[in-house]
Amino acid sequence: MNKLTLTEEDLEEIEPLLEDVAARYSCIEDPDLHRRAPVLARRLPAELLAFLEDHRLREPAALCVVSGFDVDETEIGPTPEHWQGSHISSPALRCEIFFLLCASVLGDVFGWATQQDGRIMHDVLPIKGHEHYELGSNSLQHLSWHTEDAFHPCRGDYVALMCLKNPDAVETMVCDAGDLDWSALDVDALFESAFTQMPDNSHLPTNSTSTGDPTIQRLRERSFKTIEAWNANPVERPVLFGDRLDPYMVLDPYHMKTDGWSERSLAAFTGLCDQIESRMKGVALEPGDCAFIDNFRAVHGRAAFQARYDGTDRWLKRLNVTRNLRGSRSWRPAADDRVIY
Ligand SMILES: NC(=[NH2+])NCCC[C@H](N)C(=O)O
Ligand SMILES: O=C(O)CCC(=O)C(=O)O
Ligand SMILES: [Fe+2]
């Protein structure tokens, strides 16, 4: 893990920046804030900027954590029961701004029309009734390891998590591609377009609430249809890409269908999954920790836990970050629209 702990001086430097931004923007979903974030981020401490930039360019580890930001538990209040509406008059705005600015050093933040009502910043919290679903809001069931949004060609370069609360030190599980023994695996087979990947449950229309805007509503419905079509007719893709000696990965085994795969593909895939299972490491994020998971270099998941539903539950914020916003231009209504439809 690549880790930076903020110093007292860093925190003193960050505070006026956050106050300034919070005075100008009252909601983390303001598109103008997303547009300005990379410029505002230049006022972060030089050491932090250098750390994130080095992480982005050298890829020294699949996981990078910025720790030491102070989260005031009374200020942020109880963990919400659901992600819906949590961005409105959010008492966690100060934390959200810090998280957004750090993420904006690594790339451009974006969202999905089909996930958490098209919001850019998501909540990861346990939801009553979801205990056994394969969703980030589950609890009694562990969250199976995956590449974030593995099924989608526009998936992010990083999935970022900011911890607001984690009272039972529940572990986020991460496997770093750098810890795998590629020489023991059938890399060539894993580079073939032979692996069936389906969309994950977090993009299903079940949880979507309707917006007041008919154009957005129409685009969102079309987007749900595209994703449903990928469920009906799954796409076959490679599991590895990039450098054959030090590959990037994209896989979400829980949402993969192995029927019809050749014996060689299946054996190569099983070999990779077994190695990942055995080299997975747990990290219990602490309040204030901002974790940037390289979505090309790591797969990640979460251990099972018992939710409390009394306002003290584990609560993370999540951002998707891309290094190539233009790569998804045909999926977005305008050049500076961050939502993929
Ligand atoms: N194996 C999986 N991909 N499970 C679903 C992942 C969780 C999903 N990203 C969410 O927002 O809830
Ligand atoms: O809760 C965590 O630590 C990870 C969450 C996650 O992977 C997700 O929401 O997709
Ligand atoms: Fe995830």
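Residues numbered from 1 in each chain as written. Chains lettered and ligands numbered in written order. Predicted model: local features only at pLDDT ≥ 70, side-chain atom pairs only at ≥ 80, totals over all residues. Heavy atoms only, no water.

By volume, the largest pocket is sized at about 610 Å³. Lining the largest pocket we find 39 residues, and of these Leu-135, Gly-136, Ser-137, Ser-202 and Arg-318 sit closest to its centre. Listed by contribution, the elements that provide at least two residues to the lining of the largest pocket are strand E4 (122-124), strand E5 (143-146), strand E6 (158-165), strand E15 (298-302) and strand E16 (315-322). Here the residues of the lining of the largest pocket are counted per class, giving 12 nonpolar, 17 polar and 10 charged. Put simply, the second largest pocket is a space of about 440 Å³. (1 Å grid on protein atoms, 1.4 Å probe; cavity = no way out; pocket = protein on both sides within 12 Å on 5 of 7 lines; lining within 4 Å. Points joined across faces, edges and corners; volume = space filled by probe spheres on them. Helix = DSSP H or I, 4+ residues; strand = E, 2+ residues; numbered from the N terminus. Nonpolar A, V, L, I, M, F, W, Y, C, P; charged D, E, K, R; others polar.)

Among the 13 residues in the neighbourhood of ligand 1, the closest are listed as Glu-134, Gly-136, Glu-148, Asp-252 and Arg-318. When isolated, ligand 1 has an accessible area of 340 Å², and the protein chains bury 96% of it. When each cavity is represented as a set of grid points, ligand 1 is found to reside in the largest pocket. The element best represented in the shell around ligand 1 is E5, accounting for 3 residues. Each residue belonging to the shell around ligand 1 can be placed in one class, and the counts come to 2 nonpolar, 6 polar and 5 charged. (Near = heavy atom within 4 Å. Areas by Shrake-Rupley, 256 points an atom, 1.4 Å probe, with all protein chains shown as cover. Sits in = over half its atoms within 2 Å of the grid points.)

On to the site of ligand 2, then. Surveying the vicinity of ligand 2 reveals the residues Val-124, Gly-136, Leu-143, His-146, Glu-148, Leu-161, Thr-172, His-300, Arg-302, Arg-314, Leu-316 and Arg-318. Taking Glu-148, its side chain carries an N or O atom lying 3.1 Å from an oxygen atom of ligand 2. Residue Arg-314 places a side-chain N or O atom 2.8 Å away from an oxygen atom belonging to ligand 2. In the complex, the protein chains occlude 97% of the 300 Å² of accessible area that ligand 2 would expose alone. If you list the elements that add at least two residues to the shell around ligand 2, you get E5, E15 and E16. The residue inventory of the shell around ligand 2, partitioned by class, reads 4 nonpolar, 4 polar and 4 charged. (Polar contact = N/O pair within 3.5 Å; in protein donor to acceptor, adjacent residues only side chain to side chain.)

Surrounding the iron ion (ligand 3) are the protein donor atoms His-146 (NE2), Glu-148 (OE) and His-300 (NE2), at 2.0 to 2.2 Å. The motif formed by the donor residues of the iron ion (ligand 3), counted along the single chain, is H-x1-E-x151-H. Residue His-146 is found in strand E5, and its partner His-300 is found in strand E15; the two are separated by 154 residues along the sequence. (Donors = N, O, S within 2.8 Å, 3.2 Å for Na, K, Ca; no water.)

The 3 strands lie next to each other as E9-E8-E12, forming an open sheet whose pairing is antiparallel. Since the sheet does not close on itself, it has two edges, and those belong to strand E9 (235-237) and strand E12 (256-257), each with one partner. One ladder, built from 3 bridges, connects strand E8 (residues 195-197) with E9; its direction is antiparallel. When the bridges of E9 are listed, Gln-197 appears paired with Val-235. (Pairing = 2+ DSSP bridges.)

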